[in-house]
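Observations on the model geometry
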There are 2 protein chains.
Amino acid sequence: MTTPEKSHAGPLLRGEVLSPGCPSRRLLGDITSKWGVLVLISLSRGPLRWSGLLRAIGGISEKMLAQTLRTFEADGLVLRDARPVVPPHVVYSLTADGRRVTDLLLPLVEWAQDHVTPVPGAEPDGER
Amino acid sequence: MTTPEKSHAGPLLRGEVLSPGCPSRRLLGDITSKWGVLVLISLSRGPLRWSGLLRAIGGISEKMLAQTLRTFEADGLVLRDARPVVPPHVVYSLTADGRRVTDLLLPLVEWAQDHVTPVPGAEPDGER
DNA sequence: CAGGATCCGCCCGGATACTG
DNA sequence: CAGTATCCGGGCGGATCCTG
């Protein structure tokens, strides 16, 4: 007895991420986390230092920046280049994987920036 | 890596989202929220009912599903079609905007699914 | 079947202080 | 300059019960 919805399964998604225990959820969570996406797009324009990131991302705390960067290092998305000089000099940049992810992320961010305001149910052509 | 870097420093991003008060952060947060992305990709294969969504997304609670759906309705990404029949019949589907966002989201999810594991220097899934 | 309301634990995330 | 360590409050999110 089945009255299933018309869910024509597309070949686009394997659907593993929909399973509760799938590890891809963690990685996806890292990428799409509140500060994670902002860190990635900040690095999309080129390498930045700690203080540069802190200044680029408005409102982020030191704790969250450090935590996000460490997570991305472990995920292999961000590279940490530290030089043992007297005034410490550390540069963060995207790895190849990180750049790939960020390229996928940027259109989404741009869409969000382009779609702020519209009232629910209203057309993009607001004529009010 | 000897590839000349010339493509990742473009003026692709206006950077408004990096400002603490930018409203686009909220919309972006909705889209990239833990359950939000799973709801969107679940609807990418076609309309689903409440119970269908609940079954499709492993681990989601009723509260989070309701909250996420209401947020997406307000954002104009998801359409709620309720029919006043004796056994209530409610169908959720993506709006045009919702489909656009989901199309941008899917590659990211697929990338995450394709890149689970390789974490250089990290312990392989430590769960006792 | 589709949701609202409520209680509450837990962890995210901010502020501050300290270090190399 | 580039972080780490610690405290702690707010809210995210889960479980349960109730309604139309």
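In this text, all values refer to a predicted model and were calculated from it rather than measured experimentally.

Definitions and cut-offs
Residues numbered from 1 in each chain as written. Chains lettered and ligands numbered in written order. Predicted model: local features only at pLDDT ≥ 70, side-chain atom pairs only at ≥ 80, totals over all residues. Heavy atoms only, no water. Helix = DSSP H or I, 4+ residues; strand = E, 2+ residues; numbered from the N terminus. Buried < 20%, exposed > 50% of the residue type's maximum accessible area, 1.4 Å probe, protein only. Contact = heavy atoms within 4.5 Å. Least-squares fit on C-alpha atoms with pLDDT ≥ 70 in both. Buried area = accessible area lost by both parts, 1.4 Å probe. Salt bridge = Lys/Arg side-chain N within 4 Å of Asp/Glu carboxyl O. Polar contact = N/O pair within 3.5 Å; in protein donor to acceptor, adjacent residues only side chain to side chain. Nonpolar A, V, L, I, M, F, W, Y, C, P; charged D, E, K, R; others polar. Pairing = 2+ DSSP bridges. Near = heavy atom within 4 Å. Axes fitted to C-alpha atoms, helices over the stretch in contact; angles between N-to-C directions. Parallel < 35°, antiparallel > 145°, perpendicular 65-115°, else oblique. Left-handed = near helix turned anticlockwise from the far one by under 90°.

1. Topic: the side chain of A:Thr95
Residue and element names in this part refer to chain A. Along the chain, the position of Thr95 falls in the loop between strand 3 (89-94) and helix 5 (96-114). Overall, the relative accessible area of 19% leaves Thr95 in the buried class. The residues contacting Thr95, other than those within four sequence positions of it, are Gly76, Leu77, Val78 and Leu79.

2. Thoughts on the relation of the copies chain A and chain B
Rotating chain A by 180° and moving it 0.0 Å along the rotation axis overlays it on chain B with an RMSD of 0.1 Å. Accordingly, the operation relating the two chain copies is best matched by a two-fold axis. Distance from the rotation axis, computed per C-alpha, reaches its smallest value in chain A at A:Thr32: 2.6 Å. In this assembly the copies share their binding face: 87% of the residues contributing to the interface of chain A also contribute to that of chain B.

3. Side note on the interface of chain A and chain B
Taken together, the contact between chain A and chain B spans 55 residues of the former and 54 residues of the latter. Across the chain A/chain B interface, buried area totals approximately 5,000 Å², and carbon plus sulfur atoms make up 66% of it. Taken together, the links from chain A to chain B amount to zero salt bridges. Taken together, the links from chain A to chain B amount to nine residue pairs in polar contact (both at pLDDT 80 or more). For the side of chain A that touches chain B, the secondary-structure elements that each account for two or more residues are helix 1 (24-31), helix 2 (34-43), helix 4 (62-75) and helix 5 of chain A. Among the elements that line the side of chain A that touches chain B, the one with the most residues is helix 5 of chain A, at 15 residues. For the side of chain A that touches chain B, the residue count by class is 30 nonpolar, 14 polar and eleven charged.

4. Looking at the sheet that holds strand 2 (residues 78-83) of chain A
Residues and elements named next belong to chain A. Judged by pairing direction, the sheet is antiparallel, and its three strands sit side by side in the order 1-3-2 without closing on themselves. Strands at the two margins of the open sheet, each flanked by one partner only, are strand 1 (48-49) and strand 2. When strand 2 meets strand 3, the two strands line up antiparallel, connected through six bridges. Following the sheet pairing, Arg80 is matched in strand 3 by Tyr92.

5. As for the protein's contact with DNA strand C
Neighbouring residues of DNA strand C: 18 residues in total, closest A:Lys63, A:Met64, B:Ser51, B:Arg80 and B:Tyr92. Among atoms of DNA strand C positioned within 4 Å of the protein, sugar and phosphate together represent 54%. Within the side chain of B:Arg80, an N or O atom sits 2.5 Å from a phosphate oxygen of DNA strand C. Within the contact set of DNA strand C, a phosphate oxygen lies 2.6 Å away from a side-chain nitrogen or oxygen of B:Tyr92. Elements represented by at least two residues in the surface near DNA strand C include exactly helix 2 and helix 4 of chain A together with helix 3 (50-56), helix 4 (62-75) and strand 3 (89-94) of chain B. Taken together, the residues that form the surface near DNA strand C break down as eight nonpolar, two polar and eight charged.

6. What to know about the packing of helix 1 of chain A against helix 5 (residues 96-114) of chain B
Packed helix pairs are characterised by how far apart their axes lie and by the angle those axes make with each other. Contact geometry of helix 1 of chain A with helix 5 of chain B gives a least axis separation of 8 Å together with a crossing angle of 130°. Taken together, helix 1 of chain A and helix 5 of chain B sit at an angle that is classed as oblique. The handedness of the crossing between helix 1 of chain A and helix 5 of chain B is right-handed. Contacts from A:Ser24, A:Leu27, A:Leu28 and A:Ile31 of helix 1 of chain A reach helix 5 of chain B at B:Leu108, B:Val109, B:Trp111, B:Ala112 and B:Gln113. By residue class, the composition of the contact of helix 1 of chain A with helix 5 of chain B is seven nonpolar, two polar and no charged.

7. Looking at the pattern of salt bridges
This structure, assessed with the given rule, holds six salt bridges over all chains. The salt bridge partner of A:Asp30 is A:Arg26, with a shortest N-O separation of 2.8 Å. Of this pair, A:Asp30 and A:Arg26 both sit in helix 1, separated by four residues, roughly a single helical turn. As a salt-bridge pair, B:Arg26 and B:Asp75 come within 3.4 Å of each other at their nearest N and O atoms. Here B:Asp75 lies in helix 4 and B:Arg26 lies in helix 1 (residues 24-32), a separation of 49 residues in the sequence. Residue B:Asp75 is classed as buried on the basis of its relative accessible area of 19%. Put simply, A:Arg26, A:Asp30 and A:Asp75 are held in one network by salt bridges that share partners.

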